[in-house]
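Descriptive structure summary
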Amino acid sequence: MSVVYLNGQFMPAEDAKISPMDRGFLFGDGIYEVIPSYGGRCVGFAAHIQRLQQGLAALEIHCALTEQDWYELVQQLIRQNGAGNLGIYLHLSRGTDTKRAHAYPKNVPATVFAYCFEIAAEPKADVNKAPRYKVITATDLRWQRCHIKSTALLGNVMHHQQAAALGLNECILFDEQGFLTEGSSTNVFIVKEAVVITPPLSHKILPGITRQLLLSILRQHSPLKVEERPVSKDEVLGADEVWLTSSSKEIAAVIEVDGQAIGNSEPGPLWLQAQQLFSEHKYSY
Ligand code: PDD
C-alpha cells in the first residue's frame, strides 16, 4: 500500500481526499514536478524545487515550504515507500474555494499533495538495451506559457494521444513558423555533424531539468560543441541523431520521425557518449 502526503500529513493513498471545489480539479490551477529517485538519491533535486518555486511565483500561489522542507518531506515519502526506483510527484493547487469563480481567491491555503510511483531502473548507456523511440510531428497547439509547469496539461495530453493512437512514443511539436518547440512530455535535441543542438529557452518550452543537466554536463565534461538555437523541421528530419530528454527517460534515442529513419535507425554514437556522461555526473548537480 503506498503512502502519500496531503496537506501536512502522511497517509495511505486511499485515505487521501480533496474537495471537488479544489481549483486544481476545476481549473487545472496548479503547479507540479516529477523528480526521479533511485535508492533514495534524487536527480536534480534543487533544480526541480527551484522550478517549482518559480512556477508558484508566476501563478501567485503561496507556499511557505523551503527547499529544506521539501527535501525532508520527499525523503520521508521515499522511506515510507521502500526507496526503490521512484518518481516523486509534487503537486500544489491554489486550494479549495467555496464556489467556482475565476479570480484568485484570497486567504485560501494551497493544496499540497505528494506521492511516489515506481519507475524503470536507471537508464543505462547500452545500445543493446536502449529503448528506440518512434515519433510523429505536429503543429504545437498548446498555450503561450509552456515555460510554466502547470497541471493544466490538456494540450500536452491531446498531442501525446496523437502519437499513442498510432502506437508511437511521442509527438514532437513545431511552432507556427515551423521551428521545433518540444515533445508533449519531453525536450528535444538533435545532433548534426557532431554538434548537439536544442531549441533555446522561451515561453514555448518547459525548461526541462534533464535538458539543463545534460547541457551543463556536456559543456563541463565533453569536448562536444553544444548550441541552443532555433531548429527547423528539415533539420530534425535530416539530423544524424534525435534525442528526447525527461526525468524518467534521461536521454532517449529517436530512430524514426514521421516514418522516416533517423541516422541508421539505431541509437547513435553521440547518444551513447551523452548517456554515459549523464549517468556518471547526474548526481553532482
Ligand atoms: N514531463 N517538456 C514537457 C512538456 C514535459 O512535460 C517534460 C516533463 C519535459 C522534461 O522535463 P524534465 O527533464 O524536467 O523532466 C519537457 C514530466 C516528466 C511529466 O509530465 O510527467
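In this text the structure is predicted, and so the values were computed from the model without any measurement.

The next thing to look at is the domain arrangement of the protein chain. Domain assignment breaks the protein chain into domain 1 (3-118) and domain 2 (132-284). Placing a centre on the C-alpha atoms of domain 1 and another on those of domain 2 gives a separation of 26 Å. Facing the 21 residues of domain 1 at the interface are 17 residues of domain 2. For the pair domain 1 and domain 2, the number of links is zero salt bridges. For the side of domain 1 that touches domain 2, the per-class residue count stands at 12 nonpolar, five polar and four charged.

Glancing now at the side chain of Thr245. Along the chain, Thr245 turns up in strand S13 (residues 241-246). Using a relative accessible area of 1% as the deciding quantity, one classes Thr245 as buried. Contact partners of Thr245, with chain neighbours within four places excluded, come to Thr186, Asn187, Phe189, Thr210, Arg211, Leu214, Glu250 and Ile251.

Our focus in this paragraph is the pattern of salt bridges. What the rule picks out here adds up to 17 salt bridges. The salt bridge partner of Glu122 is Lys282, with a shortest N-O separation of 2.6 Å. Highlighted residues: Glu122 in the loop between strand S6 (111-118) and strand S7 (132-139) and Lys282 in the segment after helix H7 (269-281), separated in sequence by 160 residues. Taking the shortest distance from any N to any O, the salt bridge between Arg211 and Glu228 comes out at 2.8 Å.

Neither face of strand S1 (residues 3-6) is left uncovered, since the one carrying Val3 and Tyr5 and the one carrying Val4 and Leu6 both have all their residues buried. Pairing of S1 with strand S2 (residues 9-12) involves four bridges; the strand directions are antiparallel. Among the inter-strand pairings, Leu6 is bridged to a residue of S2, identified as Gln9. Where S1 folds back onto S2 in an antiparallel hairpin, the turn is made up of two residues, including Asn7, whose phi is positive at roughly 45°. Sheet topology places S1 next to S6; two bridges connect them, and they run antiparallel.

Evaluation of the coordinates by the stated rule reveals eight aromatic pairs. Arranged with centres 5.2 Å apart and planes meeting at 65°, the rings of Tyr5 and Phe10 form a pair that is edge-to-face. What makes Tyr5 buried here is its relative accessible area of 10%. Both rings, one in Tyr89 and one in Tyr115, keep their centres 5.8 Å apart while their planes meet at 65°; by these two values the pair is edge-to-face. A residue pair is termed long-range when its members are at least 10 positions apart, and Tyr89 in strand S5 (residues 85-93) and Tyr115 in strand S6 qualify at 26 residues.

A few words now on the sheet that holds strand S4 (residues 41-42). Here six strands make up an open sheet; going across it, the order is S2-S1-S6-S5-S3-S4 and the pairing antiparallel. The open sheet has two free edges, formed respectively by S2 and S4, since each of these has just one partner strand.

Right, let's get into the environment of His159. By secondary structure assignment, the location of His159 is in helix H4 (residues 154-164). Taking the C-alpha atoms as reference points, His159 and Tyr89, separated by 70 residues in sequence, lie 22 Å from one another. Each residue touching His159, except ones within four places of it in the same chain, is listed here: Ala138, Thr139, Asp140, Leu141, Arg142, Cys171, Leu173 and Ser184. In terms of polar contacts, His159 uses its side chain to reach the side chain of Gln162, at 2.6 Å.

We now examine the site of the ligand. Around the ligand, the structure places 20 residues, and the nearest of them are Tyr32, Glu182, Ile209, Thr210 and Ser247. Between the ligand and Glu182 there is a distance of 2.7 Å, counted from a nitrogen atom to a side-chain nitrogen or oxygen. Between the ligand and the protein, one listed contact pairs an oxygen atom with a side-chain N or O atom of Thr210 at 2.6 Å. Here the ligand, which alone exposes 480 Å², has 87% of that area covered by the protein. Among the elements of the structure, strand S3 (30-38), helix H2 (45-59), strand S9 (180-183), helix H5 (209-221) and S13 are those that each provide at least two residues to the shell around the ligand. Tallied by class, residues from the shell around the ligand come to four nonpolar, 12 polar and four charged. The residue makeup of the shell around the ligand includes at least three contributed by each of domain 1 (3-118) and domain 2 (132-284).

In this structure, strand S8 (residues 170-174) lies alongside S9, joined through two bridges in antiparallel fashion. Of the residues in S9, the one forming a bridge with Ile172 is Gly183. With antiparallel pairing between neighbouring strands as the criterion, S8 and S9 make up a hairpin whose turn holds five residues, including Gly178 at a positive phi of roughly 90°.

Procedures and definitions
- Position labels on residues start from 1 in each chain and follow its written sequence.
- In keeping with the predicted nature of the model, local features appear solely for residues at pLDDT of at least 70, side-chain atom pairs appear and are counted solely at 80 or more, and the whole-chain, interface and lining totals rest on all residues.
- Side-chain measures were taken over the full set of non-hydrogen atoms in the model, leaving aside hydrogen atoms and water.
- In this document the domain limits rely on a domain assignment from an automatic tool or a database.
- Residue contacts are counted whenever heavy atoms from the two residues lie within 4.5 Å of one another.
- Here a salt bridge means any side-chain nitrogen of Lys or Arg lying within 4 Å of a carboxyl oxygen belonging to Asp or Glu.
- In the scheme used here, Gly and all other residues not listed as nonpolar or charged are polar, with Ala, Val, Leu, Ile, Met, Phe, Trp, Tyr, Cys and Pro taken as nonpolar and Asp, Glu, Lys and Arg as charged.
- Secondary structure elements are taken from DSSP: a helix is a run of H or I of four residues or more, a strand is a run of E of two residues or more, and numbering for both begins at the N terminus.
- Buried means the residue's accessible area, taken with a 1.4 Å probe over protein chains only, is under 20% of the maximum for its type, while exposed means over 50%, and partly exposed covers the values in between.
- Two strands form a pair only when DSSP identifies at least two bridges running between them.
- Any two of the Phe, Tyr and Trp rings considered here, Trp counted by its six-membered ring, make a pair once their centres fall within 6.5 Å; the pair's planes then place it as stacked at under 30 degrees, edge-to-face at over 60, or tilted in between.
- Pairs of N or O atoms are called polar contacts if they sit within 3.5 Å, as long as, within protein, a hydrogen donor faces a hydrogen acceptor (for residues adjacent in sequence, only side-chain-to-side-chain pairs).
- We call a residue near a molecule or strand when any one of its heavy atoms sits within 4 Å of it.
- Shrake-Rupley sampling with a 1.4 Å probe provides the accessible areas, and residues are treated as covered by the protein chains on show and by no other component.

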